[in-house]
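# Working through the structure, step by step
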Amino acid sequence: MSLVDTIRSTLVPIHREGWKFVAVFFVVSLLLGLLWEPLMWIGFVLTAWCAYFFRDPERLTPQDDDLVISPADGRVSAIAMVTPPAELELGDQPMLRISVFMNVFNCHVNRAPMRGRVSRVAYRAGKFLNADLDKASQENERNGLVIESAHGPIGVVQIAGLVARRILCWTSMNDNLEAGERFGLIRFGSRLDVFLPEGVQPRVSLGQTAIAGETVLAEFGSAKGPVISRRG
């Protein structure tokens, strides 16, 4: 592999939604440098962080309708049976909810956990509590999708966090999504909840690091039962 190929494989593209923020950080850094040079270098460090935050790497997604793929980079913060948000219209019976918490250093591009047609998009205004809190699922600003998968409807909810102030979703009703396809983005710290129907088994553990578009969160149609993990 040539040096040019090595550089190309190392550099990660920046999502188009991030370029304006990177530009603002850069210009502000230059202006601060007119006041005091060390401020400019601090600004350049923050500009580099901003570019890193909006990175949008390519991912290799398993193409299997029995697999539920992580919609976000981050830490698996909850695995529980929970009643889905009312606006998703998925009923009032508990469903398996797997939550992935994204901190400000995670990639924030969101991806479809399963292949299917989007039958509902529901936005709800709310608070901006720490997204790692369990009550954030009900009280925070959020945007939910219902995807008609091969195993029935599943819910995917983008939840704003303590410093997140903008949920972006560029998917509409009746759009067809492939597993791992980009459907949205949340700016500056947040969480994704996936609500799954009966017949699914978790394939991750609490605290595990998930990679959007690659990590298998759960599996349908398996008789193996839950996979038990231990901390080594």
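What follows is about unusual backbone geometry. Despite not being glycine, Glu-89 has its phi angle at roughly 55 degrees, a positive value. You can see Glu-89 is positioned in the loop between β2 (74-82) and β3 (95-102). The class of Glu-89 is exposed, set by a relative accessible area of 59%. Positive phi is not limited to glycine here, since Asn-174 has a value of about 75 degrees. Tracing the backbone through its elements, the reader meets Asn-174 in the loop between β8 (167-169) and β9 (176-177).

This part takes up the sheet that holds strand β6 (residues 142-149). The 8 strands are arranged β9-β5-β6-β7-β11-β3-β2-β13 in an open sheet whose pairing can be described as antiparallel. Edge strands, defined here as strands with exactly one partner in the open sheet, are β9 and β13 (209-210). Both strand β7 (residues 152-160) and strand β11 (residues 190-196) contribute to a ladder of 6 bridges, which runs antiparallel. In the sheet register, Ile-159 faces β11, and the bridge partner there is Arg-191.

The N-to-C vectors of helix α2 (residues 19-35) and helix α3 (residues 37-53) enclose an angle of 175 degrees; their axes lie 7 Å apart at closest approach. Taken together, the axes of α2 and α3 lie roughly antiparallel to each other. Residues Phe-21, Val-22, Phe-25, Phe-26, Ser-29, Leu-30, Leu-32 and Gly-33 of α2 form the contact with α3, whose own contacting residues are Glu-37, Leu-39, Met-40, Gly-43, Phe-44, Leu-46, Thr-47, Trp-49, Cys-50 and Ala-51. Here the residues of the contact of α2 with α3 sort into 13 nonpolar, 4 polar and 1 charged.

Tallied over the entire structure, the rule returns 10 salt bridges. Two residues, Glu-87 and Arg-142, come together in a salt bridge whose shortest N-O distance is 2.6 Å. Of this pair, Glu-87 sits in the loop between β2 and β3 while Arg-142 sits in strand β6; the two residues are 55 residues apart in sequence, bridging distant segments of the chain. Relative accessible area serves as the criterion here: at 14%, Glu-87 is assigned to the buried category. Judged by its relative accessible area of 1%, Arg-142 falls in the buried class. Between Asp-193 and Arg-191 there is a salt bridge; the shortest N-O distance is 2.9 Å. The burial state of Asp-193 is the same as that of Arg-191; both residues are buried. What you see here is one network of salt bridges that share partners, running through Asp-56, Glu-58, Arg-111 and Arg-182.

Once that is clear, we can look at the side chain of Ser-70. The topology assignment puts Ser-70 in the loop between β1 (67-69) and β2. There is a polar contact of 2.7 Å between the side chain of Ser-70 and the backbone oxygen of Ala-72.

Burial analysis of β3 places 8 of its 8 residues in the buried class, which makes it a mostly covered element. Direction of pairing for β2 relative to β3: antiparallel, over a ladder of 7 bridges. What sits directly across from Ala-78, in β3, is Ser-99. In the sheet, β3 pairs with β11 via 7 bridges, with the strands oriented antiparallel. Residue Ser-99 lies in a different strand from β11, and its bridge partner there is Asp-193.

Thresholds, definitions, all that
- Residues numbered from 1 in each chain as written.
- Predicted model: local features only at pLDDT ≥ 70, side-chain atom pairs only at ≥ 80, totals over all residues.
- Heavy atoms only, no water.
- Helix = DSSP H or I, 4+ residues; strand = E, 2+ residues; numbered from the N terminus.
- Buried < 20%, exposed > 50% of the residue type's maximum accessible area, 1.4 Å probe, protein only.
- Pairing = 2+ DSSP bridges.
- Axes fitted to C-alpha atoms, helices over the stretch in contact; angles between N-to-C directions.
- Parallel < 35°, antiparallel > 145°, perpendicular 65-115°, else oblique.
- Contact = heavy atoms within 4.5 Å.
- Nonpolar A, V, L, I, M, F, W, Y, C, P; charged D, E, K, R; others polar.
- Salt bridge = Lys/Arg side-chain N within 4 Å of Asp/Glu carboxyl O.
- Polar contact = N/O pair within 3.5 Å; in protein donor to acceptor, adjacent residues only side chain to side chain.

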